[in-house]
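Understanding the architecture of this molecule
The lines below spell out each chain.
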Amino acid sequence: MEKSFSFSSYHFSAASQKQRDKDLESSSSIRGGPQWKSAGGEEELAAFFHDHDTILQVSEEVDGFLETSATTPPLLHVPDCVHRLTKILDSMVYRYNTGKSKLGKDAEDDDLFLAVVDRISKISAILSTFPCDPSVLDKTTFSLEKAMSFLEKHLCTILQDPKSSTTTTTPTSSNHGSFRSGSGSESKPKPPKKSSSFGSLTQVHDAALCSPFDLVNLSDPPIIPTLSSHQDQDQDTSFPAFSPEKVSLMNKIATSMIAAGYQTECCVAFASFRRIAFKTALQEFGYVSVGMEEIHKMQWEMLEGEIATWNNAVRHCITVLFNGEKKLYASVFPNQQSISQNLLSDLARAVIIHFLNFAQGVVLTLLTVEKLFKFLDMYETLRDVVEIAIADGSYLERCRKELAHEIATTKLRIAEATMAMFRDLENSVKGDNDRVPVPNGAIHPLTRYVMNYLEYACEYKDTLEQVLRQCLHDDYHSCRYYSPIRKIELEEDDGTPKNSALAIQLMTIMDLLSLNLEYKAMLYKDFALRSVFLMNNGRYIVQKVKGCKDLHQCMGDNWCRKRQSGLKLHHKDYRTETWSKVLNCLSTDGLQGNTSSVLSPRANKDKKPKQEVKDKFKRFNSTFEDIYKTQSSWVVSDEQLKSELRASIAALVIPAYRSFYGRFKHHLNSSRHVDKYIKYHPEDIEALIEELFDGGTTKRKS
C-alpha cells in the first residue's frame, strides 16, 4: 500500500485556469475574433442579440441547417445563421461574464443559453468535416471554448459554496493533495473526549503495597466506547448541502460540457471540489488526518483519542457521506452512469485507502496489552462497515478487488498485533515475580487486573474468536502458541473437545495466573494466611467467571466446579492449620487420669487436677486471643466467603468450648480471680469470631 497517498489525483489550479483564459484571448486574432465585432463594440452586440425572438428565429434556421447536413453531402458555403448564432453565443457569454445576466437566476434564460451552446457544439462537429473556410470553424470553436470556460467557472462557483454563489477560488494542489492541508495556519479541531481505557500492568506492582481496601476498583472494566451519533444526525440531511435548484443547474452544465466534448474538464473540476468538500466535512466531524510520523510520536493517551475519532469518522463516512455523495453524483450525472460511478469510485478509493493507512500506522506502534481493545475497535469497523460497503457498493466496482485486498491486509496486521498483545499478557502474568506480598492476604492486584481484562475482552467475544482463528487456525493442537492445559479444561461439559480458540486462550492465561498465585502464596510465612490468600483470589476468579455470561460460557461448568473444589481444599487446610490448636486446648486428654477425677470429691482436696483445668482455660484464652488479634486484621473481600468461613469456625469451636465450659466452670467458681481463667462465655467467643477477616476495621469491645 502506498503510504505517501495523495487524496486527489486531479490537478485543477487557479494558475491553469487563468492560463486557459489568456490562451483564449490571444487566439482571438488568429481565429478572426475582432472581425466579427460590430462598430459599437461587444456591449452593443450583446444588447442586440439578447432579444429572445431573434435567438429563437436563428436557432430554428440552425436546426434546419443541422438537419439538412445530416442527410445531404457537405456544402461549400456555410449559411449566415451559423455566423449569427456564433455571435449570439458570444453576446450571451459576455453578459454573463460582466454580470448583466446571471446563470441560475432565470430557468428560461438558462435553457435558452444552454440550447445555443448545444447547437454551436453540433455546428463545430459538422464544420470539422466541411471543405469550407477554416476561419469559420475557428470562430465557432473559439466561441464554444469561451462558453465552456464560463460554464466550468460557474460549476466551480456552485461546488465551492453550495449555499451561496461567490467569486470562485479554484483549489490548488496543496489544498487537495491530502486530507491535511499543507498550510500551517489551518487550525486543528480539538480531539473528542476519550472514553476510559484499560490501565497498564505496570500499575499492578505499585498497587500491591496499598491498603487492601484501596484495591477494590483496581483496573475495573473500562467504559465501552459507544459511537456518537449526534454528528450523523446533524449531517445526515445537510451533506451535500446543495439545493434542488443548484443540483439541477449543475446537471445542465455537466450535460452541456460532456455533450460538447469537455468531459475531462467537467470531471476534473467536479472531482477536485468534491474532494475538498469531503475533507472539510470530515474535519467538521472532528477528524483531521494524522501522518505516519505523527502517529509514531504520539503518546498512547492522545493516539487512543485519535483511534476513537477514526472509528467514528469511518462509520460516518461510509454510512452518511458516501450515501449523500452517491445521490449527488447520480443527480448531476443521471444519464452518464459510468462517469458518475467512476468519479465516486475514485473518491471512495482515495478516502478508504487514507483510512487504512492510519490503521496500519497504528499497528506499527509499540504494542502493549492495554491497546488491545482499541485495536479490536478498528478491526470491527473494517469488518462491519468498510468491508460490507465495498462488497455491496456498485460504485466501487472498478477498485473492489484492490480495496478488498488492502482491507484484508490491514485486518491481518491487526489480528497479528492482537496475538502479540495476548502473548505479552501471558508473559507479563508468567513473569510477575514481585516478592512483596499483598497485606493481610487480600486479592492481589494482578488477579483483579487479569480478570477484569478478560471480562472486558469477552465484550469482543465474536471478534476475538475470529481474530484468533485467523492467526491460530482451527486445529489448536498443532498451534505453535498452544500451552498444555489439563485435559478436563479443554473439554466441553459433555466431554467433547473445545473448538473455541478464545476459550483456549483464556484458559491458558487463567492457568498462568493460578500458577503465579501459588507462587505468591509462598511469600506468606503463616501457612493459614497462604490459604486465606488463595481462597480470596480463587473466589474472586470464580465469581468473575460466573458473573460474566460470555466468560462463563468460554470456561465451562467443569472448570468452575474444579476451581470450587480447590477452594474447599484451601478452606480445609486453613481450618486444620489454625483451629486445631484451639481444639487441642479444649481436649480433656491432658487432664490427670480422666474427667471423672476432676469431678470426684477427692479432687476438692487434690489441687493438681484443678490446676490443670486452669491451665487449659489459660491456654485456650491465649491461643484464641493470638488468633483473633492476627486474623481480625486479615481480609476476606467476598462477603459470602467471609460468612462461610465464620460459620465454619463457629461450628468447629463453639460446641467444643461450650461443652468444656459447661463441664469445668463450676469447679473454678471457688477459686480466687476466676475471671483470670474463664475470660469468655461461649457467646463472647461467637461474637469475636464474627469480627474475624474485617481487615482490622472492627474494634474489640473492652
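Because the structure is a prediction, the values reported are computed rather than measured. (Residues numbered from 1 in each chain as written. Predicted model: local features only at pLDDT ≥ 70, side-chain atom pairs only at ≥ 80, totals over all residues. Heavy atoms only, no water.)

1. Brief notes about the overall build of the protein chain
Summing up its helical and strand segments, the protein chain has 27 helices and 0 strands in all. Counting all 702 residues of the protein chain, 51% fall into the buried class. A sequence separation of at least 24 residues applies to 82% of the contacts in the protein chain between residues at least 6 apart. Accessible surface computed for the protein chain: about 33,200 Å², of which carbon and sulfur atoms make up 51%. (Helix = DSSP H or I, 4+ residues; strand = E, 2+ residues; numbered from the N terminus. Buried < 20%, exposed > 50% of the residue type's maximum accessible area, 1.4 Å probe, protein only. Contact = heavy atoms within 4.5 Å. Areas by Shrake-Rupley, 256 points an atom, 1.4 Å probe, with all protein chains shown as cover.)

2. As for helix H12 (residues 263-285)
Between its terminal C-alpha atoms H12 stretches 32 Å, which fits the 33 Å expected from 23 residues at 1.5 Å a residue. When you tally the buried positions in H12, you get 17 out of 23 residues, the bulk of the element. Note on H12: the residue one or two positions beyond its end, Gly286, has a positive phi of about 115°. (Expected span 1.5 Å × (residues − 1).)

3. Some thoughts on unusual backbone geometry
A positive phi angle, near 65°, is found at Asn440, a position not held by glycine. Within the secondary structure layout, Asn440 lies in the loop between helix H17 (400-430) and helix H18 (445-457). The phi dihedral of Phe693 is positive, around 65°, even though this residue is not glycine. Locating Phe693 in the fold gives a position in the segment after helix H27 (682-689).

4. Notes on the pattern of salt bridges
This structure, assessed with the given rule, holds 23 salt bridges. Between Arg539 and Glu644 there is a salt bridge; the shortest N-O distance is 3.4 Å. Of this pair, Arg539 sits in helix H21 (residues 527-547) while Glu644 sits in helix H26 (residues 639-664); the two residues are 105 residues apart in sequence, bridging distant segments of the chain. Sharing partners across several salt bridges, the network here consists of Glu639, Lys642, Arg646, Glu690 and Asp694. (Salt bridge = Lys/Arg side-chain N within 4 Å of Asp/Glu carboxyl O.)

5. Overview of the packing of helix H5 (residues 80-97) against helix H6 (residues 107-127)
At their nearest, the axes of H5 and H6 sit 10 Å apart, and the two run at 135° to each other. Looking at the two axes, H5 sits oblique to H6. For the element pair H5 and H6, the recorded crossing hand is left-handed. Of H6, the residues touching H5 (which contributes Val82, Leu85, Thr86, Leu89, Met92, Val93 and Tyr96) are Asp109, Asp110, Leu112, Phe113, Val116, Val117, Arg119, Ile120, Ile123 and Leu127. When the residues that make up the contact of H5 with H6 are grouped by side-chain class, the tally is 13 nonpolar, 1 polar and 3 charged. (Axes fitted to C-alpha atoms, helices over the stretch in contact; angles between N-to-C directions. Parallel < 35°, antiparallel > 145°, perpendicular 65-115°, else oblique. Left-handed = near helix turned anticlockwise from the far one by under 90°. Nonpolar A, V, L, I, M, F, W, Y, C, P; charged D, E, K, R; others polar.)

6. Focus on the environment of Ala260
Here Ala260 shows up in the loop between helix H11 (244-259) and H12. Expressed as a C-alpha distance, the spacing of Ala260 and Ala125, which sit 135 residues apart in the sequence, is 9.0 Å. Apart from the residues lying within four places of it in its own chain, the contact partners of Ala260 are Ser121, Leu144 and Met148.

7. Here's the deal with the environment of Glu304
Note that Glu304 resides in helix H14 (residues 300-332). In this structure the C-alpha to C-alpha distance between Glu304 and Lys371, which are 67 residues apart in sequence, comes to 8.2 Å.

8. Thoughts on the packing of aromatic side chains
According to the stated counting rule, one finds 23 aromatic pairs in the structure shown. With a centroid separation of 6.0 Å and 80° between ring planes, the pair formed by Phe113 and Phe150 is classed as edge-to-face. Highlighted residues: Phe113 in helix H6 and Phe150 in helix H7 (residues 134-160), separated in sequence by 37 residues. Here Phe113 matches Phe150 in class, with each residue buried. Both rings, one in Phe620 and one in Tyr657, keep their centres 4.4 Å apart while their planes meet at 15°; by these two values the pair is stacked. (Phe/Tyr/Trp six-rings, centres within 6.5 Å; stacked < 30°, edge-to-face > 60°.)

9. Some details on the packing of H17 against helix H20 (residues 501-521)
Where H17 meets H20, the axes come as close as 8 Å, and the angle between the chain directions of the two elements is 15°. One way to sum up the angle between H17 and H20 is to call them roughly parallel. Crossing of H17 against H20: the hand is left-handed. In this structure, H17 contributes Met419, Phe422, Arg423, Leu425, Glu426, Val429 and Lys430 to the contact, and H20 contributes Gln505, Thr508, Ile509, Leu512, Leu513 and Asn516. Residues that form the contact of H17 with H20 fall into these classes: 7 nonpolar, 3 polar and 3 charged.

10. Some remarks on the environment of Asn621
Mapped onto the elements of the fold, Asn621 is located in helix H25 (residues 607-631). Relative accessible area serves as the criterion here: at 4%, Asn621 is assigned to the buried category. When the C-alpha atoms of Asn621 and Cys585 are compared, they prove to be 9.0 Å apart, with 36 residues separating the residues in sequence.

11. A closer look at H26
Over its 26 residues, H26 runs 36 Å from end to end, which matches the ideal 38 Å to within 8%, given 1.5 Å per residue. Most pronounced at Ala650, the bend in H26 amounts to some 30°. The N-terminus of H26 is capped by Asp638, whose side-chain oxygen sits 3.2 Å from the backbone nitrogen of Gln640. (Bend = angle between axes of the 7 residues up to and from the residue. Polar contact = N/O pair within 3.5 Å; in protein donor to acceptor, adjacent residues only side chain to side chain.)

12. Quick word on the confidence of the model for the protein chain
Of the residues in the protein chain, 72% reach a pLDDT of 70 or more, and the chain-wide mean stands at 79. A low-confidence stretch, residues 24-41 (pLDDT under 50), is modelled with 28 contacts involving residues beyond four sequence positions or located in other chains. This stretch, residues 165-196, has a pLDDT under 50; its non-local contacts, to residues over four places away or in other chains, come to 76 contacts. (pLDDT = per-residue confidence, 0-100.)

13. So, the side chain of Ser345
Secondary-structure assignment places Ser345 in helix H15 (residues 337-363). What Ser345 contacts, discounting residues up to four positions off in sequence, is Tyr395, Leu396, Arg398 and Cys399.

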